[in-house]
Amino acid sequence: MQTHLSLHPVAEGVWVAPQLDAAAMAELARLGFKAVINNRPDFEHGPDQPAAADVGAAAQAAGLQYRHLPVAGNYQSPEEIAAFAHLLDELPRPLLCFCRSGARSGRLYQLATAR
């Protein structure tokens, strides 16, 4: 997969990445991704972060399914883990999940699939 984006596979058809902006959605679609999960709360660490609504609109314009499941970086509740597991079942592959560094999304994947 040739791209300037920092994408890391965590399982067959599931990848994680650090913060993505609206412009990245067209490239994800070009790379063959079908869906995106944004795990970052809006304005976490300041107002310069891309807003989930803008990223979602760009994802949908690129033909991607998009879900925003914001979770804190230091704690993911059982309900949030269950919601992420539901999204894993619902969304088509390949699937890209992102947060600030990619670690939170990767941890959510591990917790959701270990249930």
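Presented here is a report on the structure given in the accompanying data block. Quick caveat: nothing in here was measured; it's all calculated off a predicted structure.

It is worth spelling out the overall build of the chain at this point. Each helix and strand in the chain was counted, giving 4 helices and 5 strands. For 115 residues, the compact-globule estimate of 2.2 N^0.38 gives 13 Å, and the C-alpha radius of gyration of the chain, at 13 Å, lies within 12% of that figure. The principal-axis extents of the C-alpha atoms in the chain amount to approximately 35 × 35 × 20 Å. Residue burial in the chain is summarised as follows: out of 115 residues, 45% are buried. Sequence separation of 24 or more characterises 75% of the internal contacts of the chain that already satisfy a separation of 6 or more. Across the chain, the centroid of the 9 positively charged side chains sits 5 Å from that of the 11 negatively charged ones.

As for its position among the elements, Asp-21 is in the loop between strand E2 (14–17) and helix H1 (24–30). Under the relative-accessibility criterion, Asp-21 is labelled partly exposed at 38%. The contact partners of Asp-21, leaving out residues within four places of it in the chain, are Pro-50 and Val-55.

This brings us to the nonpolar core. Within the largest apolar cluster, 19 residues are counted, with the highest numbers of intra-cluster contacts made by Leu-7, Leu-20, Met-25, Leu-28, Phe-33 and Leu-96. Where this core is concerned, the elements lending two or more residues are E2, H1, helix H2 (52–61) and strand E5 (95–98). Top contributing element to this core by residue count: H2, with 4 residues. If you look at the next biggest cluster of nonpolar residues, it comprises 17 residues, including Val-16, Ile-37, Leu-95 and Ala-112.

This next bit is on the pattern of salt bridges. Applying the stated criterion to the full structure yields 4 salt bridges. Among the salt bridges present, the one from Glu-44 reaches Arg-104, with a minimum N-O distance of 3.1 Å. In this pair, Glu-44 sits in the loop between strand E3 (35–38) and H2 while Arg-104 sits in helix H4 (residues 103–114), placing the two residues 60 residues apart along the sequence. For the pair Glu-44 and Arg-104, one class covers both residues: buried.

Geometrically, the link from Arg-93 to Pro-94 is a cis peptide bond, its omega value of -5° lying close to zero. The residue Pro-94 is located in the loop between helix H3 (78–90) and E5 in this model. You will see that Phe-43, though not glycine, has its phi angle at about 65°, which is positive. Along the chain, Phe-43 turns up in the loop between E3 and H2. Even without being a glycine, His-45 presents a positive backbone phi close to 65°. By relative accessible area, His-45 is classed as exposed at 65%.

Parameters and conventions
Residues numbered from 1 in each chain as written. Predicted model: local features only at pLDDT ≥ 70, side-chain atom pairs only at ≥ 80, totals over all residues. Heavy atoms only, no water. Helix = DSSP H or I, 4+ residues; strand = E, 2+ residues; numbered from the N terminus. Rg over C-alpha atoms; globule rule 2.2 N^0.38 Å. Buried < 20%, exposed > 50% of the residue type's maximum accessible area, 1.4 Å probe, protein only. Contact = heavy atoms within 4.5 Å. Lys, Arg positive; Asp, Glu negative; His and termini not counted. Charge placed at Lys NZ, Arg CZ, Asp CG, Glu CD. Core = buried A, V, L, I, M, F, W, Y, C linked by side-chain atoms within 4.5 Å. Salt bridge = Lys/Arg side-chain N within 4 Å of Asp/Glu carboxyl O.

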